[in-house]
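Residues per chain, in single letters:
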Amino acid sequence: MGKRCIVTMAMLHWKITSRDPAGTHAVLYGEINEATDFGELTLLRGRIVFDLTGIRRINSFGVRQFLGFLDALHDQKVIVEVEKCSPAVVSQLNMLPEFSRKVSVRSVQAPVECPKCLGEREVLVEIPRGSRRPPQPIYTCEECGCVLEMSEPEDRYYAFLSEH
Ligand SMILES: [Zn+2]
């Protein structure tokens, strides 16, 4: 039983949440690796927004799979935007400029912490269209009201923006 659960977790799952002429919205979750099959997602056309908050792992082979998937979509004139990119996805965007050039990033999940109560969490940060500079939104801790700080250096976390 436990073994089957692990196999399932290592797969990519998705849910297409809206399909209309303005675009398709799909939520992706799980893991992207060398065995990932994008299935029906390869048939999407037009404008697509992928919500990547649930992608908790994506290894170097997985990024290659994902880039191949994006290339196939681009060949069909599909416009791909990504939103709520998890820290795992952001780290790949930063490592592979090729990846960040193939998608338009609308928002990311940024790891933040409270300097006073040391709680860590992720906040959703919108990326203004065409922006090349790290966004600097201000979030406060729900517990103590302190201003939350990024857990990673901002310039490093948002390095992918300079590749657009
Ligand atoms: Zn606090």
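Since the structure is predicted, the reported quantities are computational estimates derived from the model, not experimental observations. (Residues numbered from 1 in each chain as written. Predicted model: local features only at pLDDT ≥ 70, side-chain atom pairs only at ≥ 80, totals over all residues. Heavy atoms only, no water.)

A. Region of the structure containing the nonpolar core. Residues L28, F50, C85, F99, V105, V108 and Y158 are the most contacted members of the largest nonpolar core, which totals 43 residues. When residues of this core are traced back to their parent elements, those giving at least two are β2 (23-32), β3 (47-58), α2 (60-75), β4 (79-83), α3 (87-95), β6 (107-113) and β7 (120-126). When sequence neighbours within four positions are dropped, the list of residues in contact with F99 reads V63, F66, L67, L70, V89, Q92 and L93. (Core = buried A, V, L, I, M, F, W, Y, C linked by side-chain atoms within 4.5 Å. Buried < 20%, exposed > 50% of the residue type's maximum accessible area, 1.4 Å probe, protein only. Helix = DSSP H or I, 4+ residues; strand = E, 2+ residues; numbered from the N terminus. Contact = heavy atoms within 4.5 Å.)

B. Focus on α3. Three or more residues of α3 are buried, namely V89, V90, Q92 and L93. All buried residues of α3 project into a common sector of 160 degrees when viewed along the axis, lining one side. For α3, the elements touching its buried residues are β3, α2, α4 (97-102), β5 (104-105), β6 and α5 (154-157). (Arc of directions from axis to C-beta.)

C. Fine view of the pattern of salt bridges. For the structure on display, the rule yields 10 salt bridges. Notably, a salt bridge pairs D51 with K84, separated by 3.6 Å at the nearest N-O pair. Highlighted residues: D51 in strand β3 and K84 in the loop between β4 and α3, separated in sequence by 33 residues. Of the residues examined, K84 reaches a relative accessible area of 27% and is grouped as partly exposed. Where D71 meets K102, a salt bridge forms, and the shortest distance between an N and an O atom there is 2.8 Å. Here K102 lies in helix α4 and D71 lies in helix α2, a separation of 31 residues in the sequence. For K102, a relative accessible area of 18% gives the class buried. Several salt bridges share partner residues, and in doing so they unite R47, E81, E83, R106 and R129 into one network. (Salt bridge = Lys/Arg side-chain N within 4 Å of Asp/Glu carboxyl O.)

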